[in-house]
Every structure is written in C-alpha cells, then in structure tokens.
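# Structural characterization, general
Each chain, letter by letter, is given below.
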Amino acid sequence: MVTEAQLKKVAGAGNVSDAPAALEAFAGDSSFVGKMRPRFVVKVLEAEKVKDLVDLARETGTPLVPVSSDAPHFLGDTVPTTGDAVILDLSGMKQISFIDRVGRVAVVEPGVTFGELIPAVAEHGLRLNMPLRPRATKSVLGSMLSREPVIMPHYHWDISDPIGSTEVVFGTGDVFRTGSAANPGTIEEQRQAGGVQKEAAGPSANSWHRVIQGAQGTMGIVTWASCRCELLPRLEQPYFIGSSELPELLEVIHWLVRLRLGNECLIVDRSFMAVLTANDDAEHARLVAGLPPWVLFFNLVAYDYLPEQRMEGQIEDTKELLQRLGVEAAQSLGGVSARRFLETIREPSPQPYWKIGRAGACQDIFFVTTLTKIPGLVELMTKATEAAGFPTARLGVYLQPIVQGTNCHCEFSLFYDPADAAETQAVRALATDVIRPLMGAGAFFSRPFGEAARQIMNEDGATVEALKKVKAIVDPAGILNPGKLCF
C-alpha cells in the first residue's frame, strides 16, 4: 500500500494530508451511502501529476477516488468504499485553457466551476447549456461526465452533450485523448490548423467518451474536456403556462421542442418551483398556495441578425401553436415573473444549495423516459410517497426534455429534514423501494448512483459483463473508484 512519503514525493509535501478534518470532509456526503474515511487526501494542481499518481497507485495497489467539485456532494460517488483509498482532489485544477466564440467551445480542467466558467465565457459572447441552477461549487467537467440534463433541448443533439473532446488517464497510466483532440499533432498544432477540439466522437469510429461518461471515475480520470457553448442572444422573451393537467403541458412542450420554439424549456410542479424560486419561508408558502399544480416555462430568443424580425416571427408562431392547443402563455405566474425565473435558473446557486436550503436535505430519484409514460410514473411515485408516510407536498417534480425532445429527464426530489430520524428513514426506504416499480413502468436509470446503483445494474447482466471487460482493459488493477456501479 502507498505510503505518505511516496505520495509527497509525487504530489508535493504540501499537497498530501491525513489530518482528521481533511479525511472527514471526504468520508461521507449528503446521500445515504455509508461513511468511510480515506487514508489520504491528495491535492492535485497539474494534469501531469494525475498520471504520476495513477502509476504510483497501480504499483502499490492503492484505490483512487477522483473528486472535482467542492462540497457539498450528494450522490455517493465520491465516498470511498475502502479505508485504504486515496482521494485525488482535482478541485484546484482551475485552468480555462481555451475559449473560442466562432467554434462556440471552452476547454476546462476539472476544478473549473459553473460560478467561474459562466462569466468567463460571457466575456466572449457565449453561454453554457447548463443544468438547472447548479451549485456554484459544482465542477463543469464533473457535470458533463455525469450527463446531467441541460435546460436547452433546442441545442441538445446527443445524450453526451455538451461534452466534446477529453484527455483521460486510464488505470493503466496511459494518457488518451478522445474526439477530435485525438487527431495528429499536439493540441497547439491542431489549434494553429484551425481545430478547436469540439467533436466528441473518435478517434476513428470509436466513442470512448461514452465509456468515460457516467462511469463515476471507475474507467479513467479526465484532466481536461471541451464544453460546447452557445451564443448569447440579443433578445429574449420568456413565458409561463400553468395548468392543473400534466398531459396538457406535455403536449405543449412536445410541440414547442419539435418546432424549435424556445431555448430554455422545462416543466416543474408547484412544490419544485416554490423551493427553486422562493427567497424566504413567507414567499415559499405564498407560492405553494398561489401556483397551479404544474408550470411549463419556455424562452424565445433572437440573435445578432435581424433580431426584432426573428423575435416577432417566433411570437406569432408560438401564439398560433398555443391557440391550436387551447392554452395561453403569460409573462408572470403566481407572483413570479418569467424574466426573474429565467435569471434564476441560469445562475449558479450560492451556498446553501437551493435544494437543501428549505428543508435541510434532499434526495433525488432521476431517470430517462418518454413523454407519454410520465403521467403514469408521476402517479406511481405519488402513491409510493403516500404509502411511505412522507408528505406529498414535499415531493417536487422536474421534467426536462433532452436530445431534441426525443426523451425526457424525470426527477423526483424529496425535500426532508435530516434532523428528523423517522422522516430520514422514510425517505431512505422510499428512494430504494420505488426503483423497481418505476423501472417496470418505463423508467430507464441511465445514471445509477448510491445505494440503488447495484440494484439497477443487476437488472442487465449482459451490460454488466460488457462493462467488466472494458474495465479490465482500461483499469486491470481495479484501482479507480472500486466498489461503484458493478465493480
């Protein structure tokens, strides 16, 4: 097993710690995954050190757990499963090495957060296709590797978007570049020739980024990745549509995405919207009382060329569509303006993270499905919540069309008080027990985390065997985040 002296020789004496406070910070998170203290925490500041540390870990049989985001963590993927593990803290790798407006791309290291990248790309007239109000301390690269859903389905072409090319260190110690970054020459030579490392697929006909994504650090450690960006619009007009009938809004959002009307486009229930937008308890109570059961939000935009004419045309097209569907859009709902809501979902959340600021904790259950199956899945989850004795008023629902609306991310958020032992146990049991019924009703858990991961993975033995074969190729010693997924 690796020694402190060996780690300090590679990473630097000041970057290795076994102080109780440092170890405790990575021993657990806000999920229900059991706590386990690592043996050391190693702060990594340079990409070259990642390879050296992987080589050392392979030689000494030391498990490595890569972590890129600052606390708090919520999914259990960064909690060690063995006491001899070493945390590779990549949050100090802060370089934004490249931003190109024409190519609409930015290249970032693991420690670059949404709070840092959003203003950086804005200076170049760009914005991120980002998740719904991520915490400011969340790693952009970590978010892309986890395939977190983004709020602009208009620009979501592939399930892997917005990730582009990457550089990854496999468990063998090999440094590998994916996508267009795998083209001949150094990165600098590629850029001199006009390359921007934006394409994700490759090298050749292979798509190694798909193996790395969703793997929770079990397949390789990514040292940088390119992020697809979009242009900042010249004009914007956001709208709400409220309804007591979810199928009605699902029909609307289907046509909005299909006709490419709007960029940001999503549906939330009033519980989720109240937690997302309320600034205090009084506003939260007012929103819960005043909002309709379901809220659809969408945002029309126009860019540099003929913005007024483009916006006018989109507004007319949208009015015609909504009139045909028998619904009406509004610029405010329940006392919340659509403009304020747009600003809220685009900004990273300060501490405390908005999902835990109201009740104290949140357990998310998320999966991919089709729009037609959502009403049945929502009904199933609501009944399961009632049966578990948990208040359905604190069950939030978030529906996000992805991949041009061909499927939809469905997220159930259980907002609970972690100081209440009975409530905590009810949520923990519910989050596990409801998985199999949801799967039977059409939920596809493409991103399994925490206690439910093994249950989900074991439903498909063929996929597990295939993953184990790939794992044996890229990490034969099994040192990368062991114990996660099916490894």
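Refer to the structure above for everything that follows.
Residues numbered from 1 in each chain as written. Predicted model: local features only at pLDDT ≥ 70, side-chain atom pairs only at ≥ 80, totals over all residues. Heavy atoms only, no water.

### Structural notes on the overall build of the chain
Each helix and strand in the chain was counted, giving 18 helices and 18 strands. Expressed as a percentage of its 487 residues, the buried residues of the chain come to 55%. Sequence-distant contacts in the chain: of pairs separated by 6 or more residues, those separated by 24 or more amount to 72%. Taking the average location of the 46 positive side-chain charges in the chain and that of its 57 negative ones, the two points are 2 Å from each other. (Helix = DSSP H or I, 4+ residues; strand = E, 2+ residues; numbered from the N terminus. Buried < 20%, exposed > 50% of the residue type's maximum accessible area, 1.4 Å probe, protein only. Contact = heavy atoms within 4.5 Å. Lys, Arg positive; Asp, Glu negative; His and termini not counted. Charge placed at Lys NZ, Arg CZ, Asp CG, Glu CD.)

### Some words on the packing of aromatic side chains
One pass over the structure, following the stated rule, counts 16 aromatic pairs. Joined through ring pairs, the aromatic side chains of Phe 74, Phe 272, Tyr 353, Trp 354, Tyr 398 and Phe 415 make up one cluster. Taking the ring centre of Phe 487 as reference, the NZ or CZ of Lys 471 above it sits at 5.2 Å. (Phe/Tyr/Trp six-rings, centres within 6.5 Å; stacked < 30°, edge-to-face > 60°. Lys NZ or Arg CZ within 6 Å of the ring centre and 35° of its normal.)

### Quick word on the nonpolar core
By size, the foremost hydrophobic cluster in this structure holds 51 residues, and its most contacted members are Ile 267, Leu 296, Phe 298, Ile 365, Leu 399, Phe 412 and Leu 438. Ignoring any residue separated from it by four or fewer positions in sequence, one finds Phe 298 in contact with Gln 237, Pro 238, Tyr 239, Ile 241, Leu 256, Glu 264, Cys 265, Thr 318, Leu 322 and Ala 329. Of all hydrophobic cores here, the second largest spans 32 residues; its members include Met 152, Val 301, Leu 333 and Tyr 353. (Core = buried A, V, L, I, M, F, W, Y, C linked by side-chain atoms within 4.5 Å.)

### Considerations on the pattern of salt bridges
Under the criterion given, the structure shown has 27 salt bridges. Of the charged contacts, one joins Glu 24 and Lys 35 as a salt bridge, the two residues approaching to 2.4 Å between their closest N and O atoms. With Glu 24 in helix H2 (residues 20-25) and Lys 35 in the loop between H2 and strand E2 (40-43), the pair connects residues that are 11 residues apart, well separated along the chain. Given a relative accessible area of 34%, Glu 24 falls into the partly exposed group. With relative accessibility at 57%, the residue Lys 35 sits in the exposed group. Notably, a salt bridge pairs Glu 264 with Arg 346, separated by 3.1 Å at the nearest N-O pair. Taken together, the residues span a long stretch of sequence, with Glu 264 in the loop between helix H8 (246-258) and strand E12 (265-269) and Arg 346 in helix H12 (residues 338-346) at a distance of 82 residues. Each of the salt bridges in this network shares a partner with another, and the network as a whole consists of Arg 127, Glu 236, Glu 264 and Arg 346. (Salt bridge = Lys/Arg side-chain N within 4 Å of Asp/Glu carboxyl O.)

### Describing the packing of helix H9 (residues 270-277) against helix H10 (residues 281-290)
H10 packs onto H9 with a crossing angle of 155° between their chain directions and a minimal axis gap of 9 Å. With respect to their mutual orientation, H9 and H10 come out roughly antiparallel. Judged by the sense of rotation from one axis to the other, the crossing of H9 with H10 is right-handed. For the pair H9 and H10, contact is made by Arg 270, Ala 274, Val 275 and Thr 277 and by Glu 283, His 284, Leu 287 and Val 288, respectively. Taken together, the residues of the contact of H9 with H10 break down into 4 nonpolar, 2 polar and 2 charged. (Axes fitted to C-alpha atoms, helices over the stretch in contact; angles between N-to-C directions. Parallel < 35°, antiparallel > 145°, perpendicular 65-115°, else oblique. Left-handed = near helix turned anticlockwise from the far one by under 90°. Nonpolar A, V, L, I, M, F, W, Y, C, P; charged D, E, K, R; others polar.)

### Looking at helix H4 (residues 114-122)
Of all the positions in H4, only Phe 114, Leu 117, Ala 120 and Val 121 are classed as buried. One face of H4 carries all of its buried residues, which in axial projection span an arc of 135°. Buried residues in H4 make contact with strand E5 (96-100), strand E6 (105-108), strand E7 (126-128), helix H5 (140-145) and strand E10 (220-231). (Arc of directions from axis to C-beta.)

### Quick notes on the pairing of strand E16 (residues 361-369)
Counting buried residues along E16, 8 of its 9 residues qualify, which places the element largely inside the surrounding structure. Relative to strand E18 (residues 407-416), E16 is paired through 9 bridges, and the arrangement is antiparallel. Paired with Val 368 across the bridge in E18 is His 409. (Pairing = 2+ DSSP bridges.)

### Examining the environment of His 124
In this fold, His 124 is placed in the loop between H4 and E7. We classify His 124 as partly exposed; its relative accessible area is 36%. In sequence terms His 124 and Leu 232 are 108 residues apart; their C-alpha atoms lie 9.1 Å from each other.

### Observations regarding the sheet that holds strand E4 (residues 86-89)
Across the sheet, which stays open at both edges, the 4 strands sit in the order E1-E2-E4-E3 with mixed pairing between neighbours. In the strand order of this sheet, the two ends are held by strand E1 (16-17) and strand E3 (64-67), each with one partner. As defined by bridge partners, E3 adjoins E4 across 4 bridges and the pair is classed as parallel. By the bridge assignment, Leu 64 is partnered in E4 with Val 86.

### Here's the deal with the sheet that holds strand E13 (residues 294-302)
Spatial ordering of the open sheet is given by E11-E13-E12-E17-E18-E16, a layout of 6 strands whose pairing is antiparallel. Each edge of the sheet is formed by a strand with only one pairing partner; in this case those strands are strand E11 (235-243) and E16. On average, each strand axis in the sheet is inclined to that of its neighbour by 20°, with strand direction left out of account. As paired elements, strand E17 (residues 395-402) and E18 share 8 bridges and run antiparallel to each other.

### Describing a negative patch on the surface
There is a patch of like negative charges on the surface, built from Glu 312, Glu 316, Asp 317 and Glu 320. Counting through the fold element by element, Glu 312 comes out in helix H11 (residues 307-325). (Patch = residues over 30% accessible without salt bridge, like charges linked within 9 Å, V, L, I, M, F, W, Y side chains within 5 Å. Areas by Shrake-Rupley, 256 points an atom, 1.4 Å probe, with all protein chains shown as cover.)

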